[in-house]
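Each chain is listed here by its residues.
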Amino acid sequence: MLLDNFRAKLRNSLQVWRDAGIINDVQYQQITQYQANLEKTVQNRSAKTVIVLASILIVTGAITFIAAIEQVVTREIKVLLLLSLLAASNITGFYLWQQPIKAQLEGKPVFRKYILGKSLLILSALLLGVNLSVIAQLFHINQANYELLLMWGAGVTLMAYSYEEQTLAIFGLVIVLVCYLIFSNELPYLNNDVRWIVIILQHIPLLLWVVFVPLSIWCKSRTCFILTAIAFTLTLLFNIKPLQYLNTTNNFSWLAAFAFILPPALLWSYDDLLFPKVSKRYFQRVARNLALACLCIFFYILGFNYHWQAPDLTLSYIKPVNVSLNNAASIDIAFLSVIAVTQWLFLIQHKFSWKNLVILSWIVICGLAPFWNYLYIDIPNVPVILFNAMNILFCLLLIRHAMQTRERKEFWGGVLMLTLLVLTRIYEYQTDLLFGSLVLTLYGLAVIGTGTWFETKIR
Amino acid sequence: MIQKDLPYWRLLVSLALQLSTIITLLAPSIFTQYTGKTVILSTMPVDANDTLRGRYVALEYDISRLETLKKLPGWNDLVKKYPGINSQYYPVAEGTNLYVILHNESKNKPWRPLRVTTALPASLPENQVALRGRYQYGSIVYGLEKYYMPEVQADFSKQDIFQTRQIRLGQIKPIIMHIKVDSQGNAAPLEMNVTDTDANGRIHKYRF
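Residues numbered from 1 in each chain as written. Chains lettered and ligands numbered in written order. Predicted model: local features only at pLDDT ≥ 70, side-chain atom pairs only at ≥ 80, totals over all residues. Heavy atoms only, no water.

Novice: Quick question: what am I supposed to make of the packing of helix 5 (residues 145-163) of chain A against helix 1 (residues 9-35) of chain B here?
Specialist: Taken N-terminus to C-terminus, the directions of helix 5 of chain A and helix 1 of chain B make an angle of 170°; their axes are 9 Å apart at the nearest point. If you check the angle between helix 5 of chain A and helix 1 of chain B, you find them roughly antiparallel. Counting all contacts with helix 5 of chain A, which are made through L148, M151, G155, L158, M159, S162 and Y163 of chain A, the residues of helix 1 of chain B involved are R10, L11, V13, S14, L17, Q18, T21, T24 and L25 of chain B. In terms of residue class, the contact of helix 5 of chain A with helix 1 of chain B is built from nine nonpolar, six polar and one charged. (Axes fitted to C-alpha atoms, helices over the stretch in contact; angles between N-to-C directions. Helix = DSSP H or I, 4+ residues; strand = E, 2+ residues; numbered from the N terminus. Parallel < 35°, antiparallel > 145°, perpendicular 65-115°, else oblique. Contact = heavy atoms within 4.5 Å. Nonpolar A, V, L, I, M, F, W, Y, C, P; charged D, E, K, R; others polar.)

Novice: I keep staring at the pattern of salt bridges and nothing clicks. Help me out?
Specialist: Any two side chains of opposite charge can pair, so long as their charged atoms come close to each other. All names here are of chain A. Tallied over the entire structure, the rule returns seven salt bridges over all chains. Where R281 meets D271, a salt bridge forms, and the shortest distance between an N and an O atom there is 2.9 Å. In this pair, R281 is assigned in the loop between helix 10 (253-268) and helix 11 (284-302) and D271 in the loop between helix 10 and helix 11, connecting sequence segments 10 residues apart. Relative accessible area serves as the criterion here: at 35%, R281 is assigned to the partly exposed category. (Salt bridge = Lys/Arg side-chain N within 4 Å of Asp/Glu carboxyl O. Buried < 20%, exposed > 50% of the residue type's maximum accessible area, 1.4 Å probe, protein only.)

Novice: So what exactly am I meant to see when it comes to the packing of aromatic side chains here?
Specialist: The description of two aromatic rings rests on the distance between their centres and on the angle between their planes. Residue and element names in this part refer to chain A. Following the criterion strictly, the structure yields 20 aromatic pairs over all chains and no others. Between W97 and Y163 the ring centres are 6.1 Å apart and the planes differ by 70°, which places this aromatic pair in the edge-to-face class. With W97 in helix 3 (residues 75-105) and Y163 in helix 5, this residue pair connects regions lying 66 residues apart in the sequence. Overall, Y163 belongs to the buried group, its relative accessible area being 0%. (Phe/Tyr/Trp six-rings, centres within 6.5 Å; stacked < 30°, edge-to-face > 60°.)

Novice: Would you take a moment to explain the packing of helix 5 of chain A against helix 6 (residues 166-186) of chain A for this structure?
Specialist: How two helices pack is summed up by the angle between their axes together with the distance between the axes. Residues and elements named next belong to chain A. Where helix 5 contacts helix 6, the two axes come as close as 8 Å, and the packing angle between them is 160°. As judged from the angle between their axes, helix 5 and helix 6 are roughly antiparallel. For helix 5 against helix 6, the interelement crossing comes out left-handed. Along the contact surface, helix 5 presents Y146, L149, L150, W152, G153, V156, T157, M159, A160 and Y163, while helix 6 presents L168, A169, F171, G172, I175, V176, V178, C179, I182, F183 and E186. In terms of residue class, the contact of helix 5 with helix 6 is made up of 17 nonpolar, three polar and one charged. (Left-handed = near helix turned anticlockwise from the far one by under 90°.)

Novice: It is not clear to me how the interface of chain B and chain A should be interpreted in this structure. Could you clarify?
Specialist: Where the parts come together, the accessible area they lose is often given as the size of the interface. Taken together, the 43 residues of chain B in the interface contact 46 residues of chain A. Buried area between chain B and chain A, summed over both chains or domains, comes out near 4200 Å², and the portion from carbon and sulfur atoms is 59%. At the surface where chain B touches chain A, the tally comes to five residue pairs in polar contact (both at pLDDT 80 or more). Sorting the residues of the side of chain B that touches chain A by element identifies helix 1, strand 8 (128-136) and strand 10 (146-148) of chain B as the ones contributing at least two each. Top element by residues in the side of chain B that touches chain A is helix 1 of chain B. It accounts for 14 residues. Class assignment for the residues of the side of chain B that touches chain A results in 23 nonpolar, 11 polar and nine charged. (Buried area = accessible area lost by both parts, 1.4 Å probe. Polar contact = N/O pair within 3.5 Å; in protein donor to acceptor, adjacent residues only side chain to side chain.)

Novice: Please clarify how the layout of surface pockets should be interpreted in this entry.
Specialist: Rolling a probe over the atoms, with the probe sized like a water molecule, indicates the empty space that remains. Residue and element names in this part refer to chain A. Space inside the second largest pocket adds up to approximately 1600 Å³. If you trace the second largest pocket, you find 38 residues lining it, with S55, V59, L85, L123 and L127 closest to the centre. Those elements giving two or more residues to the lining of the second largest pocket turn out to be helix 2 (25-69), helix 3 and helix 4 (113-138). Of all the elements, helix 2 adds the most residues to the lining of the second largest pocket, at 15 residues. Split by residue class, the lining of the second largest pocket holds 27 nonpolar, seven polar and four charged. (1 Å grid on protein atoms, 1.4 Å probe; cavity = no way out; pocket = protein on both sides within 12 Å on 5 of 7 lines; lining within 4 Å. Points joined across faces, edges and corners; volume = space filled by probe spheres on them.)

Novice: Where do I start with helix 16 (residues 433-458) of chain A in this structure?
Specialist: Residues three or four positions apart in an α-helix share a direction because the helix packs 3.6 residues into each turn. Residues and elements named next belong to chain A. Between its first and last C-alpha atoms helix 16 spans 37 Å; for 26 residues at 1.5 Å apiece the expected length is 38 Å, and the two agree. Among all positions in helix 16, only G436, Y443, V447, G451, F454 and E455 are buried. Where the residues of helix 16 are buried, they touch helix 14 (382-405) and helix 15 (408-428). (Expected span 1.5 Å × (residues − 1).)

Novice: Is there a simple way to think about the state of the cysteines in this case?
Specialist: Here, the word disulfide means a covalent bond between the sulfur atoms of two cysteines. Residue and element names in this part refer to chain A. Throughout the structure, instances matching the rule amount to zero disulfides over all chains. Left without a disulfide partner, C224 is nearest to the cysteine sulfur of C219, which lies 6.5 Å away. The structure places no disulfide on C395, whose sulfur is separated from the nearest cysteine sulfur, that of C296, by 4.9 Å. For C395, a relative accessible area of 1% gives the class buried. (Disulfide = S-S within 2.5 Å.)

Novice: Explain the pairing of strand 6 (residues 97-103) of chain B here, please?
Specialist: It is a general feature of regular strands that their side chains alternate between the two faces of the sheet. All names here are of chain B. Counting buried positions along strand 6 gives seven out of seven residues, so the element sits mostly inside the fold. Side chains of strand 6 alternate between two faces, with N97, Y99, I101 and H103 and L98, V100 and L102 buried alike. As defined by bridge partners, strand 6 adjoins strand 8 across seven bridges and the pair is classed as antiparallel. Bridge pairing in strand 8 links L98 to G133. Alignment of strand 6 against strand 7 (residues 112-117), held across five bridges, turns out to be antiparallel. Looking at strand 7, one finds that I101 is bridged to R115. (Pairing = 2+ DSSP bridges.)

Novice: Teacher, can you tell me more about the sheet that holds strand 12 (residues 187-195) of chain B here?
Specialist: Pairing between sheet strands relies on hydrogen bonds along the backbone, with the strands arranged either parallel or antiparallel. Residue and element names in this part refer to chain B. In spatial order, the strands read 1-11-12-13; together these four strands make up an open sheet with antiparallel pairing. Only two strands of the sheet have a single neighbouring strand rather than two, namely strand 1 (37-42) and strand 13 (203-207). Averaged over neighbouring strand pairs, the angle between their axes works out to 20° when direction is ignored. Direction of pairing for strand 11 (residues 176-181) relative to strand 12: antiparallel, over a ladder of six bridges. Of the residues in strand 12, the one forming a bridge with M177 is M192. Relative to the sheet, helix 1 contacts strand 1, strand 11 and strand 12, its axis offset from that of strand 12 by approximately 70°.

Printed below as a string of structure tokens:
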């Protein structure tokens, strides 16, 4: 509406301007022509809005119709209807989705059918979920929500594999993650459960890495890869909960060590070329950036004093950890370690570089964190200082690298991380106000100085 | 935006995989229906408002109750193995799996619980089955408790037993469930028999 109003005003003004001699006839013609083109797109947009509204009405009508006949129709017909709806949506979606690709291969212009086809494929993924839940209800299958969700997630992921479609891949990943979240609420109450679904969900980090990383390559989807990497790291950490192993003496420090080692080690050594029939490095850069981010976050987390307090200082709060070994997690660790070692061997034999060695040493430092207590060093706060120093070093290296390569994002990322670190430490130790203000002012000045210098330099 | 030109068999593969997820969902239940032994269970006669929840039927069995299972042999071993947070109110750890051994004394009579075990027994006599349950919020859940059955509501919404039950609780006949139990202890429902409390005492049968 607003836009249309503006156009009408512009049309009037144009005539006034031409009469006043501000613009000449040729310019007037050009602007009018341009206007006419714009209006056409606006009309197209209105048509689209009408179509969307109409389809919402149709879908609502269909749902109401189903609700109306629900009591009359037998179970078999309902299932048949649902299945044929799913198949129809798949087939028309695939057909429309593929048509423009064929047209373009033949040199014809690309149509909007592509978008429609793709939307229909996504609709099919949704319909699969509807099918599963309704069929479970019709056949009186009493299942937990996460079981249905896992089935749905698996179905959508398989769809993504067969269509090589990145939206479906991301959708499948999200469903599986939601399923894991729901399941993790149940996790403490699965004492002697032996259902296969429980076993699958306990091994979700391994599954994410083995299923969704190849899928990302298959669909060539960066977003899917990034999401998979983040989800993998978080689920692995959540399954092992490594921070609980830092302050008490226990038998399973190595579990925590692997939780710190595996995500950065796997991500840094990741190489697309290891997969068969892949000739280009799609995600290696992203994976390395993620590995660095992961290391930085680990340094940041391990830099908190809270994790390193000796048990005798917190007598009232000693948790009875690791009564028994987490079997699922150890199996995951074994498999993932094999993958990580293979990747590192490939990396080292490919080309020797000091960078790899530095990163490896950082990963090892992270991995040694859970064993700190066994050293019985009486100097307090050594690990805290160590990890904070590592974090500062990391940020400074990042900033230095950014200055060399003139990467704005990297530079400001490093500065922000450093700022976060300074602020956290000031609040953590509740420093004297005067000292705090001094540090903040000095730091602010330094940021302004380097920031302006950097900005002028890259210009 | 432009991707590979996909062959049409990809569509067929995708459809087949989608269908297979649906079949995977149904398979365990169908397996139980075909291979299982038929077992008759009687439900607890409970408040009608509790049983008929909209289009859902919610059932409670004798063996759902802790009071029933507590008397059986094997219960103490279970409590010892998976102790709960409070020996009186929460005797068993939340989510513990258990097997109730049921046996029938005579045909067409409800089966009775015999004992409780933590592991599936290797072999059982012909007239016994092991039914798997899960301790959840103070009762045992077998996956046989809640059913979406709009037809039950249609039959009983006007005047019948589910309404009158509340008044004449003493005369209620329990709902009889016919179920199938397979060798792994999984159960699937077969038939539900509801006795009308009207004078004729007609039995409504619902197939699952």
